[in-house]
Amino acid sequence: MEFQWYPGHMTKAKRQMQEDIKLIDLVIEVIDARCPISSRNPDINGLANGKLRLVLLNKSDLADKAVNQKWISYFKNQGFYCVELDSRDRKNMKGVQATLDEVCAAKFEKDRKRGIKNRPVRAMVVGIPNVGKSTFINSFAGKAVAKTGNKPGVTKGKQWIKLNKSVELLDTPGILWPKFEDNTVGLHLAFIGSINDAIIETRELAMELVDFIKETYPGALAARYEVNEDLVNHEIITEIALKRNFLKKGSEPDFDKAASVLIDEFRNGSLGKISLERP
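Quantities reported herein were computed from a predicted structural model and do not represent experimental measurements.

Colleague: So what's going on with the overall build of the protein chain? Residues and values would help.
Modeller: Helix and strand counts for the protein chain stand at 10 helices and 6 strands. The C-alpha radius of gyration computed for the protein chain amounts to 21 Å, which stays within 12% of the reference 19 Å derived for 279 residues, consistent with globular compactness. For the protein chain, the spread of C-alpha atoms along the three principal axes comes to 75 × 40 × 35 Å. Within the span of the protein chain, comprising 279 residues, buried residues form 50% of the whole. Nonlocal contacts in the protein chain, meaning residues at least 24 apart in sequence, comprise 68% of its contacts between residues at least 6 apart. Accessible surface computed for the protein chain: about 13,600 Å², of which carbon and sulfur atoms make up 47%. Taken together, the 44 basic and 37 acidic charged side chains of the protein chain have centroids lying 11 Å from each other.

Colleague: Lay out the UniProt feature "binding site: GTP" (unreviewed entry) in the protein chain in plain terms, naming residues and giving numbers.
Modeller: UniProt feature "binding site: GTP" (unreviewed entry): in the numbering of this structure it lies at Asn58, Lys59, Ser60, Asp61, Asn130, Val131, Gly132, Lys133, Ser134, Thr135 and Gly174. By secondary structure assignment, the location of Asn58 is in strand β2 (residues 52-58). The residues contacting Asn58, other than those within four sequence positions of it, are Val30, Ile31, Asp32, Ala33, Leu85, Asp86, Ser87, Val131 and Gly132. Here Ser134 is to be found in helix α5 (residues 133-141).

Colleague: Before we move on, could you go through the domain arrangement of the protein chain and cite the residues and values that matter?
Modeller: According to the domain assignment, the protein chain consists of domain 1 (7-171) and domain 2 (201-268). Between domain 1 and domain 2, the C-alpha centre-to-centre distance is 35 Å.

Colleague: Can you explain the pairing of strand β1 (residues 26-32)? Please cite residues and give values.
Modeller: Counting buried positions along β1 yields 7 of 7 residues, so the element is predominantly enclosed. Neither face of β1 is left uncovered, since the one carrying Leu26, Ile28, Val30 and Asp32 and the one carrying Val27, Glu29 and Ile31 both have all their residues buried. Alignment of β1 against β2, held across 7 bridges, turns out to be parallel. Note that in β2 the partner of Ile31 across the bridge is Leu57.

Colleague: I'd like to hear about the pairing of strand β3 (residues 81-84), residue by residue, with values.
Modeller: Pairing of β2 with β3 involves 4 bridges; the strand directions are parallel. From the neighbouring strand, Leu56 faces β3, where its bridge partner is Val83. Handedness of the β2-helix α3 (residues 65-77)-β3 crossover: right-handed.

What counts and what doesn't
- All residue numbers refer to positions counted from 1 along the written sequence of the respective chain.
- pLDDT decides what is reported in this predicted model: residues at 70 or higher carry local features, side-chain atom pairs at 80 or more are listed and counted, and totals for whole chains, interfaces and linings draw on all residues regardless.
- Calculated side-chain values reflect all of the structure's heavy atoms, with hydrogen atoms and water omitted.
- The numbering of helices and of strands both runs from the N terminus, where a helix is a DSSP run of H or I of at least 4 residues and a strand a run of E of at least 2.
- With the radius of gyration taken over C-alpha atoms, the globule rule is written as 2.2 Å times the number of residues to the power 0.38.
- Throughout this description, buried means an accessible area under 20% of the type-specific maximum (1.4 Å probe, protein chains only), exposed means over 50%, and partly exposed covers the range between.
- We call two residues contacting when some pair of their heavy atoms lies within 4.5 Å.
- Only the protein chains shown count as cover for residues, and the accessible areas themselves come from Shrake-Rupley with a 1.4 Å probe.
- Asp and Glu count as negative and Lys and Arg as positive, but His and the ends of the chain are not part of the count.
- Taken as the charge location is NZ of Lys, CZ of Arg, CG of Asp or CD of Glu.
- UniProt positions are given in the numbering used here, feature names are shortened, and annotations may be inferred rather than shown by experiment.
- For each domain, the first and last residues come from an automatic or database assignment.
- Here the rule is simple: two strands pair whenever DSSP picks up at least two bridges between them.
- Handedness of a crossover: with both strands directed away from the viewer, a clockwise path from the first strand across the helix to the second marks it as right-handed.

Take a look at the structure:
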């Protein structure tokens, strides 16, 4: 399967970000902990050149904890600040705030020496679709200030959000890039829901997911669905349909429903804590 999804509003959003970056002190990049490389837009590095950088390893509760720690080390070695995060849990925000304080301390000191007082840090929140940018902003703000949704493309335009006296956030739409050089990137983004499901062949995606889980997390499918993992992929999905009683007329297994449920249960963590990539 090949994946490409670059609707017109993303070109406009990228141009707007190129303008807005001039106003920004800090770029907060939200990525998906399950696939930190695939869920990073390579254009962001050029866009954010010379700015302070904070990477939020979001949805870390859905990823393999040991692998998360390796990614934190990886990003710190790249010169970024990095925080492991489940943006739905407000308790996580203390760690983000502590890191923000550390990131911004030098800026505040520089401002003080120049006689500038009380100028808030301006931070741009960036990331691809459906990595949880708006959920993070709402948790951090302690109220619903950004529109959220469990699908890509909810945030359409930019939005300034004043968090407190010291930090202002600029929420931006999720943007992909025009062409994935490696088809594995597209596959991973389809797995996590960052590509519009309407353009995806659900059956093929589910079989690719079975392939990955069998190889990397053996036993996970058997534990969840009581299926024999020695079967070929389409037989495993058929077995899931039978075990879950997903039947069409004539008691025929509903393969499509089983495929959709498998993908949904990977995305919501029901199959266990699974990382798609390692440093």
